[in-house]
Amino acid sequence: MNEIAEYIIAALLLVGGFFTLVGAIGLARLPDFFTRLHGPTKATTVGVGAIMLASVLYFSVSHDGIGISEILITVFLFMTAPVSANILAKAAMHIGVKSMDDTRGKPWEQ
Amino acid sequence: MLDRLNFPQPWLSLLLFAIWQFLSDGISGASVVLGLFLAWLIPQITQGFWPERPGFIHPWRMPVYLARVLMDIIVASVSVARLILSPRAPSPMFVCYPLELEHPLAISILASTISLTPGTVSADVSDDNKTLLIHALDAQSEQEVIDAIKTRYEKPLLEMFK
Amino acid sequence: MSLPLVVLLPFLGALAAPLFAQGGRTAIAIAASVPALIALAALYPHWQTLADGGVVLHSYPWLPQLGLSFSFRLDGLSLLFALLILLIGLLIILYARYYLKPQENVGKFYALLLCFKGSMLGIVLSSNLLLMMIFWELTSLTSFLLISFWTHKQDARRGARMALAVTGGGGLALLAGILIIGNIVGSFELDAVLAAGDQIKAHSLYPVALTLVLLGAFTKSAQFPFHFWLPHAMQAPTPVSAYLHSATMVKAGIFLMARLYPALAGTEQWFYMVSFTGMATLLIGAYVAMFKHDLKGLLAHSTVSHLGLITLLFGMGTQLAAVAAVFHVINHAIFKASLFMAAGIIDHETGTRDMRRINGLWRYMPHTATLAMVAASSMAGVPLLNGFLSKEMFFAESLQLNLPGIWAWLPPLVATLAGIFAVAYSARFIHDVFFNGKPVDLPIYPPHEPPRYMKIPVEILVFACIMVGVFPALSVGPLLYAAASATLGGEVPEYHLAILHGFNLPLFMSFAAFFGGLLMYSQRQRFFDFHARFREIDEKAVFEATVSRIASLATRFTGHIENGSLQRYAGLLVISVLAVAIAPLMNLGVFVGESGLSPVDWPTLIGIGILILCALATAALHRERFYALVLLSVVGLMVALGFARFSAPDLAMTQLSVEVVTIVLLMLALFYMPSWTPIESSTTRRLRDIAIALAAGAGMTVVTLAMLTQPFASISEFFLANSKPGGGGTNVVNVILVDFRGFDTLGEITVLAIAALGIYAMLKETALTPPPGDGLGHRWTRDAYPLMLRQIARPMLPLALMVSAYIFLRGHNLPGGGFIAGLITAVALILQYIASGMIWTQDRVPFRYHNMVGLGLLFATIAGVGSYAFGYPFLTSTFDYISWPIVGKFEVASALVFDLGVYLTVIGATLLALVSIGRLSPHSAIKSKKEGA
Amino acid sequence: MITIALYITLAMVMIAALLNVYRLIRGPDSPDRVLALDTLYINAIALIILLGITLGTRLYLESALLIAVMGFVGTVAMAKYLKRGSVIE
Amino acid sequence: MELAFALAIGALTASGVYLLLRARTFPVVVGLTLLSYGVNLFLFSSGRLVSGGQPIIGSTAAYSDPLPQALVLTAIVIGFAMTAFVVVLALRNLADNDDDHVDGRQSGTDSKLDSAEEVTGK
Amino acid sequence: MNHWLTAPILIPLFGGMLQVFMGYAPISLRRTLALTTTVLLLAASIVLLVMADDGSYRAYAFGNWQPPFGIVLVLDRLAALMLVMTSVLALFCHLYSIGGADEGNRQFHALFLFQLLGLNIAFLTGDLFNLFVAFEVLLIASYGLLMHGGGTTRTVPGLHYVVLNLIGSAIFLISVGMIYSVTGTLNMADLADKMADVSDENIHIVKAGGMMLLVVFGLKAAILPLCFWLPRAYAKATAPVAALFAVMTKVGIYAILRVYSLVFGDQAGELSGLGMDWLFPLALITLAMGVIGALGSESLKTLVAWQVIISVGTLLAAMSLGSVEGTSAALFYLLNTTWVVGGLFLVADLISRQRGTAADKIVTAPRMRNRTFLSVLFLIGAVAAAGLPPLSGFFAKLLILQSVTPGPQMAWLWSVILIGGFFSLIAYSRAGSIVFWRNVEGHIEDPGKLSGTVSVAAGALVALSIVIVALAGPISRYTDATAAQLHDSNAYIGILQTPMVGEDE
Ligand code: NA
Ligand code: NA
């Protein structure tokens, strides 16, 4: 296998793993629901995207031709993550989940 | 019967055809025939579900917009990562964003973009589709957030959708 | 042929009788007489054979496996009984013609009477013990229906049920006894059994068999302590009492003892059981008869007593005693039937049977009175009447019993005492009814003589009493001889039938009884006073109370065990599994088998850890239901990952899709349910459940571990080898599903289809009130269909269809297939419902889910049936590689049609189910749209 | 090279999964749990991809696609349940 | 690995059984689902645990046993149908009896001991 | 290849599918087609019975795959007997249902036919996992049928029935997994063949699996302590459904008979006769429990439902003797009890329709209409069920009593059966005399008229007890031959050698 490709794949994997972890840390660590919403929506999505890219590259380089399914998955994730976030936020506002004390502005009544 | 042999949503059909070629591991006679068939059949079944055509006027601007968003996503991720890993507590804020876009699809795209880009998540769209509620993770002021979104995303979208 | 005819004719008559009911009582009575007349004619030709000591046998095979044959036997004994049954039966038919009222259901009465007669004839004529058993139980059944003929009378119903319980129950014992005898002898044919007497008596099971047979005989013949049913059976119409409860059915037990006499009698056990039972019955019946104010009650207890007398005679075990017993059977039948008929006439004409009210009837019905007095005298044992003769023989035999020491006095003493009582109650019957002053408010006053023809049967019987009494040898001599000979198995002792045998001890006993009885009757008030000190037991009430008590105990017991608690039933099920599995698992010995453990990899371990944690958390935190669902989702996800991790991509995909649909389903349901499960079980209970659960979990762990670490070979080598060449696909799992084991899959989609139909049907008329808000006090939002969701959901559908097509088509060769494709399509459609609502989506779905389900099944089945055309079995798949211009080379497999069926069924069924639930929601006011119309 | 990267990535993703489970169990509110579940689903996609790379096979990619689809629908359904009660109406 | 796997099946079974023994329909349904997860994993593993041996001809050197996989697939689908039915039946029960008990008692007639302990939500 | 073997599967399958499509067709058309299907099924079953009576095994390999690899149907005398028994019962139940009980649910006939589909698969299949699938088909259809007819009373018993059977299904799968994990096969003949070779380490797994399977079958058969779901469920079901359910417990019995005479048959070495020593005492206790339940019943349908449990106990007791005679007697009894109990459910329903609000409760009520006719039907049914002469129940019991050889087993069996019979007699006479004879003043408001079809259906089913007596000779010859065939497991194993289409024969 192409050595450069190997480096790129390894890097992508590590980046992906990093962002995935960061998203999870954010989910675990941030103080209220709305702040926690940010981590997974962005970081995790990007992380998985990177891992996906690594996979595309890996299989293109190694043997199997171009992997389009991964792209499809990534696109799908990017399309749906905001919707999930949106509807979860709506649910949280409906339930009246507490936002952290120094949050400016107010969630809407649902 | 013959009058059903049309493509009610040509763009969709084209998209489906393209996806099929990707899915079937390379273009071949069989994949083209099957792809054509599916590109015809599926819109026939689903056309009822998607009656309003998106009001695209400048669809070619889409790739540019998407590229920008992609870049922003990466930037956003890094900034969120930094915030998450730093010991400093974030200073979040709810922002009410006045929408200029009217088409629901356009609003959705904007809201999605906002969610994927730095520091913001769209939490809700008002019932009258005039206002967007945004949760900003770490923002200085409401206006700053509104301005950034307005110039960076809503403008291009306004140009694309009318 | 004539013997089976004799038995079967009455049954045919019973079927025909109701047809004659239209013609009135006379017509039906005549019709009902026909079988008996034919039977008598049919029996007549055999008389000579019997007189010569021969036996007539008619035998036809029926069920050789059982040892049951359709065989009949006519000998002296059966002839005697058959004649009693037929002749008295004829008289009863005539009598009943006048006894029954026109508005009564005479058709039913005669039909039942004929059935009874047939059964009775069956008992006495059967040459096969099992066949006899059938008729035996039939007499119990028909007598049950006859006793309860007046179903509106509570006493009749109760009396009937008591009779059925006692005689039917005894019948079961008899059955057991007969089966044992048959087992010992190796045949149920009477000839064989009678010839095997010594063998039977020597067998270790003889005591059991004898006891069981005697139980049958004693219950039927109302022997102490089973005698109580008989007096209560007197609630029957009088013809029934006269026929069943004096002349015939109660004699069936006696008949049985006579019939099996050569096979069973002659042992000590026989002697003690039979004679002491007889003695007790004799005495008790006679004693109680004295105190009955009810005319029929008196007669019933007298019958009990006489049956005891006959039993005692059989029990004595001497040949002469047996002759006397047979003789008394005849005599008792004659005088008791006439007495019952007389009692019936009195009842009929006065409207009551209470002797305290019936007095001085001599003035109103001298004719009837004369007849009754003669018959009663016979019952008392007055010389020149038939009763006297057999009683004399009885007294004589009682003196012959060689009991040790002082006990030798017992039989003659009991006999005399019973004689005294018999004279006393006979005197009462005569004096208290026909004399003793004037009647006391009779319901029918003044009484008259009954219709002429109603008296004829009585006259005939009374005439017989006198004839036998005066000319015994002439009148019954040959018949008695034949019967006695048949009973004793050929050897008949010397005996003389004469009016008097000279002045001997038996005659003295008769005199003692006669005068003692008269004395007793004259002092009756003292005895009545004495008797009144004892509380009278109403056996019927006791029986009724016992049955009710048993029933309510049973209800309570059942209710206690079958308490309607699923928890208990489920617990029992789990415990049963643990109980049966624990022993083999204990024997496993080593937990880890030969192949040992494979190395650990940490990510998998973490995954399994998450799985275990969330599974346990689901159980521990289940009370917050939504939370439990979230945890359950994690478990489902982890299971799917596990499938992927251990080389099952198809399973992973199926699991994932099914899990999401299941969760959606559960949420649909949860909407209407409480959000919280309250704690309702006690701590002990929960601890117990935890123990059961842990035991089950531990068991599964042990089994899994043992299983996973054993080396293994399976038939799957064949699948791997033949998947491509034989099934045309490289995805072996899919080829198994659509080809090797396609029939399973057909069954499975059928299940899916049926479930959906069932759900649809079940919810059609269900109405649920949705809660106004969640359990935490929030009202539901107004925004049902959020904008972003709607916008994203719509393009998702064509994309999902595309992916479905992809997954479907590649399924034969790569992970995928009809199921998974179907579930993807289904989930995409579900997303439309979630995002845009029922009405919106339903309007746009271009097909009905019902039809889709049907169509899917149809495709799959047709794909299977298609192979018939080529001479191959159902579901034989075929595939070929075809080359077309432009398209190029591609594979066509018939299994794809099958898989298409699967695909369609999965979509149709899933959505039919979910939409049916969704339709419950108040917003979906489209009940009549598409699905409902 | 790739193998090491794979292991490290796998470790990070597994830790992420554990953190998600922590949030899921910790709550405190239902939306937190659903969010954690959603994230767990996305982690699972990563895991499947990594598994595919490890085994050198693309046969598991469709499973990943399915997780993406099912995770989304599941999250949407749960969120809708939380705010609206009836998921399909 | 086998031990962990076996423990997972044990945990699923135990949790499932415990929930099956609860008095309301909902936990019972959840318990059934958990139990069926455990059972499916068990049936699956009756072909033993193999890594990277997906039974796709040509994809690997050593295949895992495909038959249990096919059986489990069937079992999953059947289990889904059954779960759907029982969920609906639970709804029907709720509609008919205003109550989601499974132990045959009517709401409001709970025994004293039990109602004393009853806790109603938050 | 003899396609007749698929007839009992394809006929109800196509019939059922047709019903699915025709949900909105006029009810008369749906009824006609449904009944035609059932009649065809009966005809096909009779053909199979005639075929099976030559004593050979016929195997039908789905997909033309050689057993043990593909799924096979196996026709032998037992299977044919079960098929005929079921289709006869089904025909009359179906006839009864078109008297009006099928209204209110457009899918009734589909469910009914699918139920038959599942039953027939169960009787014919030669594959353990396919047996599971067959169970699921018949169960899911039975769930639907159980809930048929509206009203609220059947929901809770229905729920219990469903949940318990779902647990049962789980246990079934675990057992299959355990047995497969050792033997690596699912075909019953192949399993039977491999039983003797199970290694010592593995034998305990097979034992545990086999015993758990017995629990599953015991649950279907409603053996104590797994029978408590039954009375309420059956008593609450719509009459033709309850009557059809008379055969449901028999599927469990059939499965026990099939699996334990074949897989754990004489050839199975240490595993032969697995679990049979548990079965005998349990069967007797079940019988006793059934009798107690019958005695304590407060409605006719409950009484009949407990009769189902009595039957199960009796059947299993005879079967667990392990002798050819015992099995034959059990089969004879099976035929009798299935039809009679089915008929009694229908009769109880007819009675209940004539008694207004008293329905089938064993209480006094105003005099019902058509009392004579109904009481005769009840009498016939009760006599046959309680095992009194001259109807079939007596002969069946006699066969069972005779099938046991002297010893403690005989003492137990006889005592329980005879004493049980005595108390059944009391239960039936009590119920009958209260329901038919104990009337109070007043009249029942507008009792439904007895229509011809329902009367014929109910009457015919109980009257079969007379037919059985008339044909007792041939029937018991057949059951003897069936039992003998069943006890020769090696002959069954021979189906593994069935040539496939295209192979040289
Ligand atoms: Na008087
Ligand atoms: Na709720």
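Everything numeric in this text was worked out from a predicted model, so none of it was measured.

Conventions and cut-offs
Residues numbered from 1 in each chain as written. Chains lettered and ligands numbered in written order. Predicted model: local features only at pLDDT ≥ 70, side-chain atom pairs only at ≥ 80, totals over all residues. Heavy atoms only, no water. Helix = DSSP H or I, 4+ residues; strand = E, 2+ residues; numbered from the N terminus. Rg over C-alpha atoms; globule rule 2.2 N^0.38 Å. Buried < 20%, exposed > 50% of the residue type's maximum accessible area, 1.4 Å probe, protein only. Areas by Shrake-Rupley, 256 points an atom, 1.4 Å probe, with all protein chains shown as cover. Lys, Arg positive; Asp, Glu negative; His and termini not counted. Charge placed at Lys NZ, Arg CZ, Asp CG, Glu CD. Donors = N, O, S within 2.8 Å, 3.2 Å for Na, K, Ca; no water. Contact = heavy atoms within 4.5 Å. Phe/Tyr/Trp six-rings, centres within 6.5 Å; stacked < 30°, edge-to-face > 60°. Lys NZ or Arg CZ within 6 Å of the ring centre and 35° of its normal. Buried area = accessible area lost by both parts, 1.4 Å probe. Nonpolar A, V, L, I, M, F, W, Y, C, P; charged D, E, K, R; others polar. Pairing = 2+ DSSP bridges. Axes fitted to C-alpha atoms, helices over the stretch in contact; angles between N-to-C directions. Parallel < 35°, antiparallel > 145°, perpendicular 65-115°, else oblique.

A few points about the overall build of chain B
Right, so step 1: Secondary structure assignment for chain B yields 5 helices and 3 strands.
Right, so step 2: The order of α-helices and β-strands along chain B, N terminus first, is α-α-α-β-α-β-β-α.
Right, so step 3: For chain B, whose C-alpha radius of gyration is 20 Å, the value lies well above the compact-globule estimate of 15 Å for 162 residues.
Right, so step 4: In terms of overall dimensions, chain B has C-alpha extents of about 65 × 35 × 25 Å along its principal axes.
Right, so step 5: Split into buried and exposed, the 162 residues of chain B put 48% on the buried side.
Right, so step 6: Of the accessible surface of chain B, which amounts to about 7,900 Å², a share of 68% is contributed by carbon and sulfur atoms.
Right, so step 7: Charge centroids of chain B, computed over 11 positive and 15 negative side chains, lie 5 Å from each other.

Digging into the coordination of the sodium ion (ligand 1)
Residue and element names in this part refer to chain C.
Right, so step 1: Only Met355 (O), Ile358 (O), Asn359 (OD1), Asp432 (O) and Asp432 (OD) from the protein reach the sodium ion (ligand 1) as donors, at distances of 2.0 to 2.3 Å.
Right, so step 2: Here the donor residues of the sodium ion (ligand 1) share one chain and are spaced in sequence as M-x2-I-N-x72-D. Of this pair, Met355 sits in the loop between α17 (319–350) and α18 (366–380) while Asp432 is found in helix α20 (residues 410–434), placing the two residues 77 residues apart along the sequence. Note on accessibility: Met355 and Asp432 belong to one class, buried.

Considerations on the environment of Glu2 of chain E
Right, so step 1: On the secondary structure map, Glu2 of chain E appears in helix α1 (residues 2–20).
Right, so step 2: Separated by 73 residues in the primary sequence, Glu2 of chain E and Ala75 of chain E place their C-alpha atoms 22 Å from one another.
Right, so step 3: The residues contacting Glu2 of chain E, other than those within four sequence positions of it, are Gly596, Leu597, Ser598, Leu705, Leu708 and Thr709 of chain C together with Leu49 of chain E.

Thoughts on the coordination of the sodium ion (ligand 2)
Right, so step 1: At this site the sodium ion (ligand 2) is bound by Leu670 of chain C (O), Met673 of chain C (O), Ser675 of chain C (OG) and Tyr81 of chain D (OH), with donor distances of 3.0 to 3.2 Å. Of this pair, Ser675 of chain C sits in the loop between α30 (649–670) and α31 (683–708) while Tyr81 of chain D sits in helix α3 (residues 61–84), each in a different chain.
Right, so step 2: According to the relative accessible area criterion, Ser675 of chain C is partly exposed, its value standing at 25%.

Considering the packing of aromatic side chains
Right, so step 1: Per the stated rule, a full pass over the model turns up 73 aromatic pairs over all chains.
Right, so step 2: Seen in terms of ring centroids, Phe718 of chain C and Phe740 of chain C are 6.0 Å apart; in terms of plane orientation they differ by 65°. Their pairing is edge-to-face. Of the two residues, Phe718 of chain C sits in helix α32 (residues 716–727) while Phe740 of chain C sits in helix α33 (residues 732–740), which places them 22 residues apart along the sequence. An identical accessibility class is assigned to Phe718 of chain C and Phe740 of chain C; each is buried.
Right, so step 3: Each member of the aromatic cluster is reached from another via a ring pair, and the members are Phe85 of chain E together with Tyr143, Tyr161, Trp229, Tyr234, Phe245 and Phe345 of chain F.
Right, so step 4: For Lys150 of chain B, the ring lying beneath its charged end belongs to Tyr97 of chain B, and the centroid distance is 4.6 Å.
Right, so step 5: Above the ring of Tyr627 of chain C, the side-chain terminus of Arg33 of chain D is found at 3.5 Å from the ring centroid.

Things to note about the interface of chain E and chain C
Right, so step 1: Across the contact, 90 residues belong to chain E and 112 residues belong to chain C.
Right, so step 2: For the pair chain E and chain C, the summed buried surface comes to about 9,000 Å²; carbon and sulfur atoms form 77% of the total.
Right, so step 3: It is Met1, Phe26 and Phe80 of chain E in chain E that bury the most area against chain C; as a group they hold 9% of the surface buried on that side.
Right, so step 4: Put simply, the parts of the chain that give the side of chain E that touches chain C at least two residues each are α1, α2 (25–45), α3 (66–97) and α4 (112–117) of chain E.
Right, so step 5: The residue makeup of the side of chain E that touches chain C, split by class, is 56 nonpolar, 20 polar and 14 charged.

A few points about the sheet that holds strand β1 (residues 93–98) of chain B
Residue and element names in this part refer to chain B.
Right, so step 1: Strand order in the open sheet formed by 3 strands is β1-β3-β2, with antiparallel pairing between adjacent strands. A single partner strand is all that each edge strand has here, and the edge strands are β1 and β2 (120–125). Shown here is a sheet whose adjacent strand axes are inclined to one another by a mean of 30°, direction ignored.
Right, so step 2: Where β2 lies against strand β3 (residues 131–136), 5 bridges are found, and the strand directions are antiparallel. Within β3, the residue paired with Ser122 across the bridge is Ile134.

With respect to the packing of helix α2 (residues 24–43) of chain C against helix α5 (residues 106–125) of chain C
Residues and elements named next belong to chain C.
Right, so step 1: Between α2 and α5, whose axes approach to 10 Å, the crossing angle comes to 10°. When the interaxial angle is binned, α2 and α5 end up roughly parallel. Across from Arg25, Ile28, Ala29, Ala32, Pro35 and Ala36 in α2, the residues of α5 making contact are Val106, Gly107, Tyr110, Leu114 and Lys117.
Right, so step 2: When grouped by side-chain class, the residues that make up the contact of α2 with α5 number 8 nonpolar, 1 polar and 2 charged.

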